[in-house]
Amino acid sequence: MALDLHRIRAETPGCHDLAFFDSAGSSLPPAPVLDTVIGHLRREAEVGGYRAAAERAADLAAVKDAIGALIGAPAGTIALSDSATRAWCDFFYAVPLRAGQRIVVTGVDYASNAIAALQRARAAGAEVVVLPSDADGRVDLDALDAVLDERVALVSLVHVPTNSGLVAPVREIADRAHAVGAPVLLDACQSVGQVTVDARELGVDALTATGRKWLRGPRGTGFLYVRPELIERIEPRSLDLHSAQWVAEGEYCVASDAARFETWEADVAARLGLGAAVRYLLELGPDHVFAAITRRAAGIRERLAALPAVTVRDPVGGALGGIVSFTVDGVDPDRVQAALFDRGVVVSVTRRGSTLRDMTARGLTAAVRASAHAFVSDVDVDRLVDGIVGLDVRPRS
Ligand SMILES: *Cc1c(COP(=O)(O)O)cnc(C)c1O
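What counts and how
- Position numbers for residues start from 1 in each chain and track the written sequence from start to end.
- The predicted origin of the model limits local features to residues at a pLDDT of at least 70 and limits the giving and counting of side-chain atom pairs to 80 or more, whereas totals for whole chains, interfaces and linings rest on all residues.
- Water and hydrogen atoms were dropped before computing side-chain values, which therefore reflect all heavy atoms in the structure.
- Any two strands are treated as partners once DSSP identifies two or more bridges connecting them.
- Strands are runs of DSSP state E lasting at least two residues, helices are runs of H or I lasting at least four, and both sets are numbered from the N terminus onward.
- Axis definition: a line fit to C-alpha positions, over the contact stretch in the case of helices; interaxial angles, taken between N-to-C directions, run 0 to 180 degrees.
- Throughout, a contact is declared for two residues whenever any of their heavy atoms are within 4.5 Å.
- For the exposure calls, accessible area comes from a 1.4 Å probe over protein chains only, and a residue counts as buried if that area is under 20% of its type's maximum, exposed if over 50%, partly exposed in between.
- Side-chain rings of Phe, Tyr and Trp (the six-membered ring for Trp) are treated as a pair once their centres are within 6.5 Å; stacked means planes under 30 degrees apart, edge-to-face means over 60, and tilted covers the remaining angles.
- Any Lys NZ or Arg CZ found within 6 Å of a ring centre and within 35 degrees of that ring's normal is scored as a charge over the ring.
- What makes a residue near a molecule or strand is one non-hydrogen atom of that residue sitting within 4 Å of it.
- Any pair of nitrogen or oxygen atoms within 3.5 Å is treated as a polar contact; in protein, a donor-acceptor pairing is required on top of that, and neighbouring residues in sequence qualify only through side-chain atoms on both sides.
- Per-residue accessibility takes into account occlusion by the displayed protein chains alone, with areas from the Shrake-Rupley method and a 1.4 Å probe.
- Residues were grouped as follows: Ala, Val, Leu, Ile, Met, Phe, Trp, Tyr, Cys and Pro as nonpolar; Asp, Glu, Lys and Arg as charged; and all remaining residues, including Gly, as polar.
- Salt bridge, as applied in this entry: a Lys or Arg side-chain nitrogen positioned within 4 Å of an Asp or Glu carboxyl oxygen.

**A short note on the sheet that holds strand 5 (residues 152-158)**
The pairing of strands in a sheet happens through backbone hydrogen bonds and is either parallel or antiparallel. The strand order across the open sheet formed by seven strands is 2-8-7-6-5-3-4, and the pairing between neighbours is mixed. One side of each edge strand has no neighbouring strand; the edge strands of this open sheet are strand 2 (78-81) and strand 4 (127-130). Averaged over all neighbouring strand pairs, the angle between strand axes comes to 20°, with direction disregarded. Pairing of strand 3 (residues 102-105) with strand 5, which is carried by three bridges, proceeds in the parallel orientation. Bridging from a neighbouring strand, Ile103 pairs with Leu154 of strand 5. Along the sheet, helix 5 (residues 84-92) contacts strand 2, strand 3, strand 5, strand 6 (184-187), strand 7 (206-210) and strand 8 (222-226); its crossing angle with strand 7, the most-contacted strand, is approximately 160°.

**Considering the environment of Val184**
Tracing the backbone shows Val184 in strand 6. On the basis of relative accessibility, which here comes to 0%, the residue Val184 falls in the buried class. Distance from Val184 to Ala309, taken between C-alpha atoms, is 41 Å for residues 125 residues apart in sequence.

**Here's the deal with the packing of aromatic side chains**
According to the stated counting rule, one finds five aromatic pairs in the structure shown. Considering the side-chain rings of Phe91 and Phe261, the 6.5 Å spacing of their centres and the 40° angle between planes classify their relative orientation as tilted. Note that Phe91 is positioned in helix 5 and Phe261 in the loop between strand 10 (251-254) and helix 11 (268-284), a separation of 170 residues in sequence. Phe261 shares its class with Phe91; the two are buried. Ring centres 5.4 Å apart and planes at 85° place the aromatic pair Phe92 and Tyr93 in the edge-to-face group. Above the ring of Phe92, the side-chain terminus of Arg120 is found at 5.4 Å from the ring centroid.

**Focus: the site of the ligand**
Near the ligand, the surroundings consist of Ser83, Ala84, Thr85, Tyr110, Val160, Thr162, Asp187, Cys189, Gln190, Thr210, Arg212 and Lys213. Within the side chain of Gln190, a nitrogen or oxygen atom sits 2.9 Å from an oxygen atom of the ligand. Relative to its unbound accessible area of 390 Å², the ligand is 92% covered by the protein chains. Residue composition of the shell around the ligand, by class: four nonpolar, five polar and three charged.

**Let's talk about the pattern of salt bridges**
Inspection of every chain in the model, using the stated rule, returns 21 salt bridges. Close ionic contact of Arg227 with Glu229 constitutes a salt bridge, the shortest N to O distance being 3.3 Å. Assessed through its relative accessible area of 41%, Glu229 is described here as partly exposed. When the shortest N-O distance is used, the salt bridge between Arg301 and Asp314 registers 2.8 Å. Of the two residues, Arg301 sits in helix 12 (residues 286-305) while Asp314 sits in the loop between strand 11 (310-312) and strand 12 (323-328), which places them 13 residues apart along the sequence. Here Arg301 and Asp314 have matching classes, each one buried. Counted as one network, the salt bridges with shared partners bring together Arg43, Glu46, Arg51 and Glu55.

Here it is in structure tokens:
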């Protein structure tokens, strides 16, 4: 069954006043998410956080089932976290790294990951190696083999970067990384909820995502998936009384499943809200939602490309995802964003510092980012396009 746009919009309280194009930043949650979070906060106020959590124990456990169903993974391989970055670092810092080893990354690395890689490389006497890519940021698969050898401690990939519609050929790279024994960590922050993500099919050892973007969950949520065979072989850098048990004087044992990467304390309302968000997506039918997002992005690119003052900055050719990046001649991206907001159109600005290598290679300091979820309507797109047409595009003197 196809998507019922009318119903989806009716269930998205925020989409009525605003034409909303920032689901790659922080999306509009559907009503079931909002009701779940607020309902739980109220319950905590009535009976205290422990009692409130105990009442929802089964629903809390089901959060991982829902995420697992979405990404094709057993619940025990999922650790809930409070952001994608936290989840990513939890795995990344647990991977052993010795002097002379290499961390292989791509040109579209997200700043937080890149900074962590630099920090660890510096501390260990290791090296960060960037996989060569073409002018659009696509990994050069032919150049892979020259970089991948037994010195590689980890390959860190980004499924969909924060600043364009590029989708990485994860499986191809992962297979070649595994051929030299290197584990693969995938930043799936912009792909989970936007395109199909199947942990097994992608063949990665770990992947991370956030709740507030394409999943339309609450802020302060995220998760880590770890390949089942790897979980018991990797010990987190920090533990607590949830990720491990203090069993006797001088002895502790670490959780046997991915909970070893969790902490005991958590925003329970937000976690329940994340579960509601994932279930909402599963009920709509992820494939329908992903198709709607891709179709919408393609339509927006086409409309924008027809405007003389606009340059679409997404790679050309090949499959593209739901993030549309563009610049307007003579108008600073911040001014575009502000002018659109005055007209009730929400877009974001992606800056050089978030994806330094990629933006530098493409000669960009910033670009406007329009990311449309399935609740965006044709009228919303008209408002976006009209807003850009209405800009004063004469170059400032
Ligand atoms: C947003 C983003 C992150 C960070 O997610 P947080 O939940 O803010 O930690 C990581 N990688 C990419 C590609 C992103 O777009």
